[in-house]
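So the chains spell out like this:
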Amino acid sequence: MSDKEAEGDAAAGAKISKSDKDQRWIPKLIKKRVCTTFVEDSSSTGALCQCGGRRDAHESVALGDYFSTAIVNHWDSAQHSSEYPTDAFGELHFAGTSKRHSYFLRMSWNTDPSMAYTLMTTHWGLPSPNLVVSVVGGEGNSKVKTWVREVLRQGLVKASQSTGAWILTSGLREGVGRCVGEAVRDHATAASTSVNNVVALGIAPWGLVHNRQHLVNPQGSFPARYYIQNKTGNNYSLDNNYQAFLLVDDGSVGRRGGETSFRAKLEDYISHQRTGIWGSGSIDIPVLCMLISGEAATLERVDLSLRKSTPWLVLAGSGGVADLLCGILENLSSAPAAQSSNEGDGEAGHSDLKDKVAERVRKHFPSVADTDKLVEQALSIYQNRDLITVYYGEQEGPDDFDTVLLKALVRASKSRVSCDDSPYTEELKLAVTWNRVDIAKSELFNGDIHWRDEDLEDSMTDALVNNKPQFVRLFTENGFNIMAYLTYGRLESLYRTVADGTLAYYLLQRRLVERQGIPGSVGNLLDSPAKSNSGSPRSGPTTAITLFEVSRVLEMLMGDVCKPFYFPTLGLEDFTSHRRALRRASKLMRGDCIYRDQLCRYPWASLFIWAVLQNRSEMAVFFWEMAGESVLSALSACKMLREMSKVEIEAENKFSMKELAQKFENLAHDVFGSCYQSDESRSFKLLIRKSPVWGGTTCLQMGTSADARLFFSHDGVQSLLSQIWWGDMKRSTDVWKLLLTFFCPILCYTSLISFRKPEGEEKSEQSNQDQPGRDNDSSYGGYGNTIFSFSDMKHIDAETPETSPSTPAPIKGIPNSPPRKSPFIVSRWRQFWIAPVTSFLGNVLMYFVFLLLFAYVLLVDFKPPPPRGPAITEYVLYFWVFTIVCEEIRETFFVGNRTLRQRMSLYSQDLWNQCDLTAIILFIIGLICRMFEWSYESGRSFLCIDYMVFTLRLIHIFAIHKEMGPKIIIVGKMMKDIFFFLFFLGVWITAYGVANQALLYSYDPNPDRIFRHVFYRPYLHIFGQIPVEEVDVGKQWDMPCTDNVTLIDGGAEPCRSLYSNWLVVILLVVYLLVTNILLINLLIAMFSYTFSKVQEHSDIYWKFQRYNLIVEYHSRPSLAPPFIILSHLHLFIKRKIRKVPSMKIHHFVLDLGVGKEANRLITWETIQKENFLTDQSKIQRGSDSERLKRMSAKVDGVLKQLTETRDVDHRLRALETEVENCLKALTWITDTLAQSTLAKPGLPPPTFRSISTDTSSSSGMMK
């Protein structure tokens, strides 16, 4: 994706957010209620209507119908009020409080709850809840008990924060609503993250809100300024700690109850929505009503919700209806048993139950005259007692309130669980929804429950989609079979749940547009999800994402380093053209996609890619731990994340991607370090092994593409590169010995140069044998054994099923034929000349000769144009450059298996290739120009500049040197500082030069002089070349000049202007002060900072660039230009005529296939990774932070035990008090009977001893 495309996507997102701000559509859909019929309130002497409003507040239409109101005895909102467009909505700012705004909406009581829920989640941006707790009761002037406050603060709000819940109250600054608001405020202030912040939602009657007139604005208020005041009369202020308010309007004023029916409907609607992103969770959103105290009218509210199967949690001891229901549920639990005999007994039992309920109702509400309705409601509630959970908060405490909520919901849901489902499935789904892995571990995965994979599939999907890696880890550790779970169809469904607004979503959508050929931009395509209900699953183009789009996105991120992912699954592996593959995929998706039912071949790797594309750090790390090929997987993630960070616009997301990429690079470095310490030979195979999981790439190729400099700086990687660089020669060989052998090749047969003996010498001899048709110039046998015994690799391949033991094939593409032993003279010759260091040495020496020849031609032997020239030496130079061009063409177009477009793109990205291309183009231009008389001097100039470019190419050649390489990198970094310095310098030179020229010369139209005086002369001032006599008129100037305009136009030197010459001197002083002191010292400071910064990592940069240089010279022929033309002819005959495959291109790729050796290597790497993770876990457990956590947990446990001990102590004291009362009662009874004359005792009464006396006597005996 280009930057312009990314900017277009960002603009589309901004357009959507802007449309959300525009809420002018709300009055068209949302209505308010206005009383249109005046029904006289008999207690107000005709001044008030039964709706609570004054007579003059009603419209004339209602007053005109006054006669008809005489026959109306009761005011009803549905009959006596009418709907009008709402005039109060928008944002609410509480004066004198924080800057955070709340949302509010005035709405009719019969508004569709789906409309309100969509408004809150989509347009107001409230996060979809994982739990809804509706707090009922505790309203009015009644004082909230202290322990109820603690339950709300330490129990409800804390538990809701950990689960991502909504808390529904009245939202007014009274009673329980005020306590909930304060608790939400305190927890939000103390919370370190806003991921699971609690959403406090107030649903209040519009007519009860104080200062509601400040909220009225037909166009919407953004924001409305609201003043909080204490309660006055029957009006109550809104609480500023709530995020949103739904102000339900039934047309009444100063009355409660109008919001009750809407609140119940909203709870019921939410309970039928799915949890998770876009409703992708495994369960419906759990809704729990919490009853605190409550008046008699609350019974109707409880009964209404229970009829809709909404569970309730009743706080025993809070008073009112809560205590009434607790008493009924506790003391009447055996009543239904009386209904089992016959019809008459059943009626008698029901009558007895009704009498007991009526007695309790009269006890709790003695002021209510007609209790029959309350009794019927209480009996109806008792019939649904399975949905009610009683919580004794005064005794149990608020510490484990989240567990109480979970058990209450599970108890209510057990009646709805089918017989085939596990009885614990619902509890698990709730734990996953709330992301409470601690509850799942302690209650569900403690070893007592046998879980089937079918029971965990929905919860696993929920955990994956909603980014809950701890549950994914828990399910995996408890035996969940990911191999049977992940099909390609399920993998596609996971990609369809990618959250909109993320980079992965935009990339997938863009590829989908390309396949479907949908016209318009992606921004228009993405408008539909934003306007849809967030509680329902997605619809439209998003659901059409397939593995083809995923493969295209991965191809864009990974480049040509590996083959396209999932193409074999889709049957597209034979399509090299993108256009043909696109047409084939479109045709495939229109038919029956049989592949979706197939099991994913590499499930952990597929999930790992899915998590990385969404930048989910913890999830990606877990999948990396579970997937094989850990080093290559980590490098692949590093590659994807760094490519995504280049496209990402949001600074925070870009930083997190870079941070996660660096984390994976560190993991690759550390795991490979563990492998290298365990077995050097196997670790080398690990670096060059061709991976079938990651599209046939290797660790070295992926590390290069991912710019993994830290990984390449590892000693193991450098050791492998050094072995490749030196070939079969020992790395301790001196350079002078190489030079001497280079000029006298016969010395390679002597002991001057030491060669390493390969492991398994007998097998090495077999691998060094000539074979018909094999490339002798780059034979694999002579070179292969230099790398951790390539003969062993051949032996390994011979054991694989693809090859026969009698015909070993070390690498695919090498024909099998009977081996023949190479003579010592031939093998030793190859060992010396095929080594990359020999090729490098030859190219360096010949390049110096080339530069000497070039300089000789330019300085001594540059003849005139034909027919007098060019000279013989110049023709030799032309041929030399021709061979260089041939080698560039060979490297670009005939090495590797990339397409032409990929080759050109890769070639143009390299800085030194750009340098080579510039040098060749300049040489061709200079060659053409020097052949003609009229352009001879221009051609010479081009060739002189070209010589400079060819000479600068030496920098790249010497980058291989251990000392010079890092310094070259530092110089390259400093070049960036120079550009910034030149910008400041250019600005100052231009400012001074123009002003100085204008002040010195009043008229000078000569362009050449203007350029020299404005730019060139001020630049020379920096280095001390200041012509004082020319600048200062006080000095004598010998230059002849004139003031004649005609002569000046003809080119004569103008005379200096005497006016304001003092200003010229001042400007010169200021200019020198700024340039020579300020800017020069700034440049030195920038260089010093760059040097100190880069010096620490220059060795890492050099080691990374060293790999590219080794690969370059490893692929080059042994002969250097101009003799390289012989190698080119030789290769052309073998490749194009004899069709002999190349061997050198396979030296960095080891194809083990899927045989035993490949499995052993992967198993060994997995063991090393597990050892590394174990060591890291030990280090982490031994850290101070982990020790403090464990100590804190122990202290919490001790405090909990102390709290329980105090509770036991309180109970013992209460028991002692009861025993003392019983003793006093018994003593009184005994004394009374003793004084009575009704009966005379036959025996004397027993003597009582006090407990203190017995204790003291027993302690004395012990002493």
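Source: prediction; values computed, not measured.

Cut-offs used in this document
- Along each chain, residue indices are assigned from 1 in the same order as the chain's sequence is written.
- Under the rules for a predicted model, residues below a pLDDT of 70 receive no local features and side-chain atom pairs below 80 are neither given nor counted, while totals for whole chains, interfaces and linings still include all residues.
- Derived side-chain values reflect all non-hydrogen atoms in the structure, with water molecules and hydrogen atoms excluded from consideration.
- A cavity, in this analysis, means grid points on a 1 Å lattice covering only the protein atoms where a 1.4 Å probe fits yet has no way out; a pocket is instead an open set bounded by protein on both sides within 12 Å along at least five of seven lines, and a residue lines either one if it has an atom within 4 Å of a point.
- Grid points are joined across faces, edges and corners, and a volume is the space filled by probe spheres set on the points.
- A run of H or I in DSSP counts as a helix once it spans at least four residues, and a run of E counts as a strand once it spans at least two, with each numbered from the N terminus.
- Just so you know the grouping, Ala, Val, Leu, Ile, Met, Phe, Trp, Tyr, Cys and Pro go in nonpolar, Asp, Glu, Lys and Arg go in charged, and all remaining residues, Gly too, go in polar.
- Stacked, tilted and edge-to-face pairs are distinguished by plane angle, under 30 degrees for stacked and over 60 for edge-to-face with tilted covering the rest, among Phe, Tyr and Trp rings (Trp via its six-membered ring) whose centres lie within 6.5 Å.
- Here's how the labels work: a residue is buried when its accessible area is under 20% of the maximum for its type, exposed when over 50%, partly exposed in between, all with a 1.4 Å probe on protein chains only.
- In this scheme, the term charge over a ring applies when either NZ of a lysine or CZ of an arginine sits within 6 Å of the ring centre and within 35 degrees of the ring normal.
- Two cysteine sulfur atoms make up a disulfide if the distance between them is within 2.5 Å.
- Any two strands with at least two DSSP-identified bridges between them are counted as paired.
- To get an axis, fit a line to the C-alpha atoms, keeping to the stretch in contact for a helix; angles then go from 0 to 180 degrees between the N-to-C directions.
- Between two residues, a contact is recorded if the distance between any of their heavy atoms is within 4.5 Å.

(A) Quick peek at empty space enclosed by the protein. Across all of its chains, the model carries five cavities of 30 Å³ or more by this definition. By volume, the largest cavity amounts to about 260 Å³. Lining the largest cavity are 16 residues, with N843, Y847, I884, R1116 and P1121 sitting closest to its centre. Sorting the residues of the lining of the largest cavity by element identifies helix 40 (836-859), helix 41 (872-893), helix 43 (911-930) and helix 44 (936-957) as the ones contributing at least two each. Looking at the lining of the largest cavity element by element, the count peaks at four residues for helix 41. The residue makeup of the lining of the largest cavity, split by class, is ten nonpolar, one polar and five charged.

(B) Representation of unusual backbone geometry in the model. Here the amide bond leading from P866 into P867 is cis, since omega sits at 10 degrees, within 30 degrees of zero. Along the chain, the position of P867 falls in the loop between helix 40 and helix 41. Going from G869 to P870, the amide bond is cis rather than trans, its omega being -5 degrees. Looking at the element boundaries, P870 is found in the loop between helix 40 and helix 41. Its identity is not glycine, yet S293 carries a phi of approximately 55 degrees, on the positive side. With respect to the helices, strands and loops of the structure, S293 is situated in the loop between strand 10 (287-291) and helix 9 (298-307). Phi at N615 takes a positive value of approximately 60 degrees, unusual for a residue other than glycine. Here N615 shows up in the loop between helix 27 (603-613) and helix 28 (617-626).

(C) Spotlight on the packing of aromatic side chains. Applying the stated rule across the entire model yields 50 aromatic pairs. Each ring, one from F548 and one from F567, has its centre 6.1 Å from the other, and the planes form 15 degrees; the classification is stacked. Here F548, found in helix 24 (residues 547-558), pairs with F567, found in helix 25 (residues 567-570); they are 19 residues apart in sequence, far enough to count as distant. Both residues of the pair, F548 and F567, belong to the buried class. Between F1011 and F1015, the aromatic rings sit 5.6 Å apart at their centres with planes inclined by 45 degrees, giving tilted as the arrangement. With a gap of four residues between them, F1011 and F1015 both fall in helix 46 (residues 1007-1021), about one helical turn apart. Aromatic ring contacts, followed pair by pair, group Y847, F850, F854, Y875, Y878, W880, F923, Y947 and F950 into a single cluster. For R930, the ring lying beneath its charged end belongs to F862, and the centroid distance is 4.4 Å. In this arrangement the basic side chain of K1169 is found over the ring face of W624, its NZ or CZ atom lying 5.9 Å from the centre.

(D) Just the state of the cysteines, in detail. Tallied over the full model, the rule gives one disulfide. Paired by a disulfide, C1041 and C1055 hold their sulfur atoms 2.1 Å apart. Because the sign of the S-S torsion sets the handedness, a value of about 95 degrees for the bond joining C1041 and C1055 places this disulfide among the right-handed ones. Taken as a pair, C1041 in the loop between helix 47 (1028-1031) and helix 48 (1045-1049) and C1055 in the loop between helix 48 and helix 49 (1061-1114) lie far apart in primary sequence, 14 residues in all. For C1055, a relative accessible area of 18% translates into the label buried.

(E) Structural detail: the sheet that holds strand 4 (residues 102-108). Pairing within the open sheet is mixed, and its ten strands lie in the order 8-3-4-9-7-6-5-10-11-12. Only two strands of the sheet have a single partner each, and these edge strands are strand 8 (221-226) and strand 12 (388-391). Strand-to-strand twist of the sheet, defined as the mean angle between neighbouring strand axes without regard to direction, takes the value 25 degrees. Its contacts with the sheet place helix 10 (residues 320-331) against strand 10, strand 11 (312-315) and strand 12, and it is angled at close to 105 degrees to strand 11.

(F) Region of the structure containing the pairing of strand 3 (residues 89-94). Across the six residues of strand 3, six count as buried, placing the element largely inside the fold. In this sheet, strand 4 lies alongside strand 3 in antiparallel orientation, the contact comprising four bridges. Considered in strand 4, the bridge of E91 is made with Y103.

None of the figures reported here should be taken as evidence of function without further support.
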